Amino acid sequence: VRPMRRYFQKGTEMVFENPSDQTRIANPGLRSRIIVGEAKNLHLGPGRTIHGLHASEVARYGKPEDLKDGILPALSDSPGTIAIFESAAYYAAGASWFHNLCVRAMNGESEYEYHFMQWWQLPEYRVPLNPEEKLKLDPEERRLKREIGLTDEQIKWRRQKIEQLESIDLFYQSYPVSFEEGWISKDASVFDKGRLMELRGGLKMPHRRFKVMQENPGIWKLYDDPEGELSIWKMPEPGRQYDCGADI
């Protein structure tokens, strides 16, 4: 079953071809290769056709342009081609591109499928309780137990991991319970993040969405658009006064 291997460079490349120059024409082997490299290596993609791509920890990439310019153009359009972009949330230059890629996939706006890997589904993320040990849960732990069914063993593992990281924010970033939770900036709010996530569950879709367009100098109009930038949860009432606040 093992394919013929022509040569192997440790940590860089493995070529699956007939190693014999005499019989390679009649029996070439798989004529494929596995290449391992860094995203900043601009020479990984040009001159090649890639049928399988696994880009790991994409949010940590220094420049997403390296991936878009050097790797993505080499992806084959033929059936059977697969491209996987995976990462935990991380605030680096590549984070915005990866975040937008996920959002478009979730909304069905791209050719990619979105998958969220739930840490509590992995059996190794739990710590057995000692005999007679009983956990006293805080409000956040009670919420997690109620909403996603965390066991006491998983909650104990969660506590130990937070203590190890010395930061609840880093835990949210690496082990979120939702896509949104992983992208809460450590400096985004003075409010308790656990409470914010609890309130997020009660959010409702806007009543209407509009696109704002300028028709003439100083004259702006609203047009119904399901993807518009202005969301309205309650339409304004005639005769009422309204204040508008904006965070620039």
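Residues numbered from 1 in each chain as written. Predicted model: local features only at pLDDT ≥ 70, side-chain atom pairs only at ≥ 80, totals over all residues. Heavy atoms only, no water.

J.: Before we move on, can you summarise the nonpolar core with the specific residues and values?
T.: Ranked by internal contacts, the top residues of the largest apolar core, which has 19 residues, are Val58, Leu67, Phe85, Trp97, Phe98 and Trp183. Of the residues forming this core, the biggest block, five residues, is contributed by helix 2 (residues 95-106). Trp119, Leu135, Ile162 and Tyr175 belong to the second largest nonpolar core, which has 14 residues in total. (Core = buried A, V, L, I, M, F, W, Y, C linked by side-chain atoms within 4.5 Å. Buried < 20%, exposed > 50% of the residue type's maximum accessible area, 1.4 Å probe, protein only. Helix = DSSP H or I, 4+ residues; strand = E, 2+ residues; numbered from the N terminus.)

J.: So what's going on with the confidence of the model for the protein chain? Residues and values would help.
T.: For the protein chain, per-residue confidence averages 85 on the pLDDT scale, and residues scoring 70 or more make up 91% of the total. The least confident element of the protein chain is helix 7 (residues 193-200), whose mean pLDDT is 68; the most confident is helix 4 (residues 152-165), at 94. (pLDDT = per-residue confidence, 0-100.)

J.: Lay out helix 3 (residues 139-147) with the relevant residues and their values.
T.: Restricting attention to buried positions, one finds in helix 3 the residues Glu140, Glu141, Arg143 and Leu144. All buried residues of helix 3 fall inside an arc of 155 degrees around its axis, so they share one side. Across from the buried face of helix 3, at angles greater than 90 degrees, the exposed residues are Pro139 and Arg146. If you check the start of helix 3, you find a side-chain oxygen 3.1 Å away from the backbone N of glutamate 140, and it comes from aspartate 138. Taken from the residues just after helix 3, glycine 149 is the one with a positive phi, measuring 75 degrees. (Arc of directions from axis to C-beta. Polar contact = N/O pair within 3.5 Å; in protein donor to acceptor, adjacent residues only side chain to side chain.)

J.: Can you tell me about the pattern of salt bridges, naming the residues and giving the values?
T.: Enumeration over the complete set of coordinates arrives at 14 salt bridges. Of the charged contacts, one joins arginine 143 and glutamate 147 as a salt bridge, the two residues approaching to 2.9 Å between their closest N and O atoms. You can see arginine 143 and its partner glutamate 147 sitting in helix 3, four residues apart, about one turn around the helix. Here arginine 143 falls in the buried class, since its relative accessible area comes to 4%. Take glutamate 147: its relative accessible area is 46%, and that puts it in the partly exposed class. Across the pair lysine 234 and glutamate 237 runs a salt bridge whose closest N-O atoms are separated by 3.9 Å. Relative accessible area serves as the criterion here: at 34%, glutamate 237 is assigned to the partly exposed category. Because the salt bridges share partners, they merge into one network encompassing Glu140, Arg143, Glu147 and Arg158. (Salt bridge = Lys/Arg side-chain N within 4 Å of Asp/Glu carboxyl O.)

J.: Could you give me a rundown of the sheet that holds strand 1 (residues 7-9), with the residues and numbers involved?
T.: Ordered by their spatial adjacency, three strands build an open sheet running 1-2-3, and the pairing between neighbours is antiparallel. Of all the strands in the sheet, the pair left with one neighbour each is strand 1 and strand 3 (32-35). Taking each pair of neighbouring strands and ignoring which way they run, the sheet shows an average axis angle of 10 degrees. (Pairing = 2+ DSSP bridges. Axes fitted to C-alpha atoms, helices over the stretch in contact; angles between N-to-C directions.)

J.: For the packing of aromatic side chains, give the residues involved together with the corresponding values.
T.: Counted by the stated rule, this structure contains 14 aromatic pairs. Geometrically, the ring pair formed by tyrosine 125 and tryptophan 157 is stacked, given 4.6 Å between the ring centres and 25 degrees between the ring planes. Of this pair, tyrosine 125 sits in the loop between helix 2 and helix 3 while tryptophan 157 sits in helix 4, placing them 32 residues apart in sequence. Tyrosine 125 sits in the partly exposed class, given a relative accessible area of 21%. Through a chain of ring-to-ring contacts, three or more aromatic side chains come together here, namely Trp119, Trp120, Tyr125, Trp157, Phe171 and Tyr175. (Phe/Tyr/Trp six-rings, centres within 6.5 Å; stacked < 30°, edge-to-face > 60°.)

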